[in-house]
Amino acid sequence: MRPRGKAEGRLWLRALEILQELSFCDCTILSMSQRGEHQESKKKLEISPSETMKAEEESYKEENKEPKSEDWRPPSVFGAVGLYNIGQTCCLNSLLQVFFMNIHFTKILRRISVPVCGTQKKKNVPYQMLLLLEKMQCGKQKAVSPKELAICLVAHGVTMFVQYDAAQLFLTLWNLLKKQMKNPELVEKLSDLYTISVQEHLTCQTCSSETKRNSSMLTLPVSLLDSDSHMLKTLEECLQCFFRPEELTGHNMCFCEHCGKKTPFQQSVKLVHLPQTLTIHLKRFCFGRSAYIHKISSCLPFPQDLDFNAVLTEQQCQAYDNEKAAWQYELFAVVAHSGSTSYGHYCAYIRSLTECKWYCFNDSLVEQVSWDDVKSTYGHSDLSWGQTAYLLFYMRKHRQ
């Protein structure tokens, strides 16, 4: 992104302030594919301009305070604080709430080094996230504004007031956090918290020569369709399909150095390591026969408890027994999308780790919900505009 001039920067900041004062609550959605861009819809204002300005005055008083890491507490959901939508930021708001409600993440965040000068503070993503969480914990208003963090993200080339794919924005935020944490120990802890390790195998079907490559990923991007474009029925089936070997034949054949020509290959991915917080990306947006992106709204149940040892076979794993013993998870959060590929909105359903209750974080509105409410994000083929789970966050169970 090219550097902004002073005049352009002042205009952008003024535009942001005006939008914030007017409580500009556009529904954010997705660019529901990394290759597709779509438009957004608008929803009714949740609060009046006067209430917004009053809330802003209170939040400004807290902005210059340093985070009190010594007295840090995990986010308490009782009287939980929402985040104002300052213009197509419901995707960002949902992801921030998932980060902040993860006590393992906040333990890392509270240990960051505070930048020395004011300019560095304004451009440091981990620090701005820490300030925002402090405002959410200390403030008395029902919601706070993520304006300062949004300005910080813009400084690093993240465009605001546009639609985002939640999986793509999640990766962007994580990379910025990892890049700007100066303490190597914290960087390692952040990686351990979210990074999945796999081993890719490519085997020639003619001479049986095999190549292996270790790689890491932030999410497991699972398709909701099998190789014949049939809808899969459960999350477990989607995971099995992801790790199922694929035959590369015909125009997909690869060149084999041993055979000296293109030959059929078998490609497979084997699971090596799962992190403490596992993120699964349900690929509900794909290209159809007409070359247009469409949304798969069909029902896909996902369990509260997930044991990878029961899902994958021995051939699909490349891990030691002590590693596999930790592959038992319980659902922590769901980032859901409602709408179509052209219009929509994001919100987050999160289970409080301290209260063991489910809450819905919908921009400035936070309310307790039931498991049946969470299950409503399974999807339904007849309700294409209904809520559908898009990102699933599973937390590793404590070993007994």
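J.: Can you explain the overall build of the chain? Please cite residues and give values.
T.: Counting its regular elements, the chain contains 13 helices and 18 strands. Taken over 400 residues, the chain has a buried fraction of 50%. Counted over contacts in the chain with a minimum sequence separation of 6, partners at least 24 positions apart contribute 70%. Just so you have it, the chain exposes about 19,900 Å², and 50% of that area is on carbon and sulfur atoms.

J.: Let's hear about the environment of Lys 295: which residues, and what values?
T.: Within the element layout of this structure, Lys 295 appears in strand S12 (residues 293-295). On a C-alpha basis, the gap between Lys 295 and Ser 340 in space is 6.4 Å, while along the polypeptide they are 45 residues apart. Side-chain polar atoms of Lys 295 contact the side chain of Thr 388, separated by 3.2 Å.

J.: Give a description of the sheet that holds strand S4 (residues 210-217) that names residues and reports values.
T.: Taken in spatial order, the 4 strands of this open sheet run S4-S3-S9-S6, and their pairing is antiparallel. The sheet is open, and its two edges are formed by S4 and strand S6 (246-248), each paired on a single side. The sheet shows a mean angle of 25° between the axes of neighbouring strands, direction not considered. Where S6 and strand S9 (residues 265-273) come together, 3 bridges link them in antiparallel fashion. In the strand pairing of S9, Leu 248 is matched with Phe 265.

J.: So what's going on with helix H8 (residues 166-180)? Residues and values would help.
T.: Between its first and last C-alpha atoms H8 spans 21 Å; for 15 residues at 1.5 Å apiece the expected length is 21 Å, and the two agree. Every buried residue of H8 is accounted for by Ala 166, Ala 167, Leu 169, Phe 170, Leu 173, Trp 174, Leu 176, Leu 177 and Gln 180.

J.: Residues and numbers for the packing of helix H3 (residues 90-100) against helix H6 (residues 125-138), please.
T.: Two numbers describe how H3 lies on H6: the axes approach to 11 Å, and their chain directions differ by 80°. Between H3 and H6, the angle falls in the class roughly perpendicular. Residues Leu 96, Gln 97, Phe 99 and Phe 100 of H3 pack against Met 129, Leu 132, Leu 133 and Met 136 of H6. Counted by class, the contact of H3 with H6 contains 7 nonpolar, 1 polar and no charged residues.

J.: Lay out unusual backbone geometry with the relevant residues and their values.
T.: Residue Ser 208 is not a glycine yet carries a positive backbone phi of 65°. Assessed through its relative accessible area of 55%, Ser 208 is described here as exposed. Within the chain, Ser 229 stands out as a residue other than glycine whose phi angle is a positive 65°.

J.: Just give me the short version of the confidence of the model for the chain, but keep the residues and values in it.
T.: Confidence along the chain averages 82 in pLDDT terms, with 78% of residues attaining 70 or more. In this model residues 1-66 is a low-confidence stretch, pLDDT under 50, and it forms 148 contacts with partners more than four residues away in sequence or in other chains. Per-residue pLDDT stays below 50 along residues 68-78; that stretch engages in 23 contacts with residues further than four places along the chain or on separate chains.

J.: Can you lay out empty space enclosed by the protein for me, pointing to particular residues and giving the numbers?
T.: In this structure the tally under the stated criterion is 2 cavities of 30 Å³ or more. Taken as a whole, the largest cavity holds about 40 Å³ of empty space. Together, 11 residues line the largest cavity, and Gln 88, Thr 89, Leu 92, Met 160 and Tyr 164 are the ones closest to its centre. Looking at side-chain class alone, the lining of the largest cavity contains 7 nonpolar, 4 polar and no charged residues.

J.: Now, about the nonpolar core: what can you tell me, with residues and values included?
T.: Membership of the largest hydrophobic core comes to 64 residues, with the highest contact counts inside it found for Phe 99, Phe 100, Phe 105, Met 129, Leu 153, Tyr 194 and Val 335. When residues no more than four places from it in sequence are discounted, the contact partners of Tyr 194 are Phe 99, Asn 102, Phe 105, Phe 170, Trp 174, Met 217, Leu 218, Pro 275, Thr 277 and Thr 279.

J.: Can you lay out the pattern of salt bridges for me, pointing to particular residues and giving the numbers?
T.: Counting across every chain of the model gives 7 salt bridges. Among the salt bridges present, the one from Arg 111 reaches Glu 185, with a minimum N-O distance of 3.4 Å. One end of the pair, Arg 111, is in the loop between helix H4 (103-109) and helix H5 (118-123); the other, Glu 185, is in helix H9 (residues 184-194), and 74 residues separate them in sequence. We classify Glu 185 as partly exposed; its relative accessible area is 38%. The residue Asp 372 makes a salt bridge to Lys 375 at a minimum N-O spacing of 3.5 Å. With a gap of 3 residues between them, Asp 372 and Lys 375 both fall in helix H13 (residues 371-375), about one helical turn apart. Relative accessible area serves as the criterion here: at 53%, Asp 372 is assigned to the exposed category.

J.: Break down the state of the cysteines for me, with residues and values.
T.: Counted under the stated rule, the structure contains 0 disulfides. You can see Cys 238 has no disulfide; the closest cysteine sulfur is in Cys 241, sitting 7.4 Å from it. The class for Cys 238 is buried, based on a relative accessible area of 1%.

J.: An account of the pairing of strand S14 (residues 328-339) is needed here, citing residue identities and associated values.
T.: With 10 of its 12 residues buried, S14 lies for the most part within the structure. Bridge count between strand S13 (residues 305-307) and S14: 3 bridges; the pairing is antiparallel. Pairing of Leu 306 across the sheet is with Tyr 329, part of S14. Pairing geometry for S14 and strand S18 (residues 387-396), over 9 bridges, is antiparallel.

About the criteria used
- Here the residue index of a chain counts from 1 through its sequence in written order.
- Residue-level local features of this predicted model are given only where pLDDT is at least 70; pairs of side-chain atoms are given and counted only at 80 or more, and the full residue set underlies all totals for whole chains, interfaces and linings.
- Processing note: side-chain calculations cover all non-hydrogen atoms of the structure and skip hydrogens and water entirely.
- Strands are runs of DSSP state E lasting at least 2 residues, helices are runs of H or I lasting at least 4, and numbering of each runs from the N terminus.
- Three exposure classes are used, based on accessible area relative to the maximum for each residue type with a 1.4 Å probe and protein chains only: buried under 20%, partly exposed in between, and exposed over 50%.
- Should any heavy atoms of two residues lie within 4.5 Å, those residues are counted as being in contact.
- Note that accessible areas follow from Shrake-Rupley with a 1.4 Å probe, and for residues the cover is restricted to the protein chains shown.
- Any N or O atom pair separated by 3.5 Å or less is treated as a polar contact, with the protein-specific requirement of one donor-capable and one acceptor-capable atom, and with residues adjacent in sequence counted only for side-chain atom pairs.
- The pairing criterion is simple: DSSP has to find at least two bridges between the two strands.
- Structural elements are reduced to axes, namely lines fitted to C-alpha atoms, with helices fitted over the stretch in contact, and the angle between N-to-C directions of any two is expressed from 0 to 180 degrees.
- Take the residue count of a helix, subtract one, and multiply by 1.5 Å to get its expected span.
- Here the angle decides the label: under 35 degrees means roughly parallel, over 145 means roughly antiparallel, 65 to 115 means roughly perpendicular, and every other value means oblique.
- The residue classification treats Ala, Val, Leu, Ile, Met, Phe, Trp, Tyr, Cys and Pro as nonpolar and Asp, Glu, Lys and Arg as charged. All others, Gly included, are polar.
- Looking at any residue, its pLDDT shows the predictor's confidence there, from 0 to 100.
- Of the two site types, the cavity is a set of points on a 1 Å grid over the protein atoms alone where a 1.4 Å probe fits but cannot get out, and the pocket is an open set with protein on both sides within 12 Å along at least five of seven lines, each lined by residues with an atom within 4 Å of a point.
- Grid points are joined across faces, edges and corners, and a volume is the space filled by probe spheres set on the points.
- Only buried residues count toward a nonpolar core. Its members are Ala, Val, Leu, Ile, Met, Phe, Trp, Tyr and Cys residues joined through side-chain atoms within 4.5 Å.
- Just to be clear on terms, a salt bridge is a Lys or Arg side-chain nitrogen sitting within 4 Å of an Asp or Glu carboxyl oxygen.
- When the sulfur atoms of two cysteines come within 2.5 Å, that pair is taken as a disulfide.

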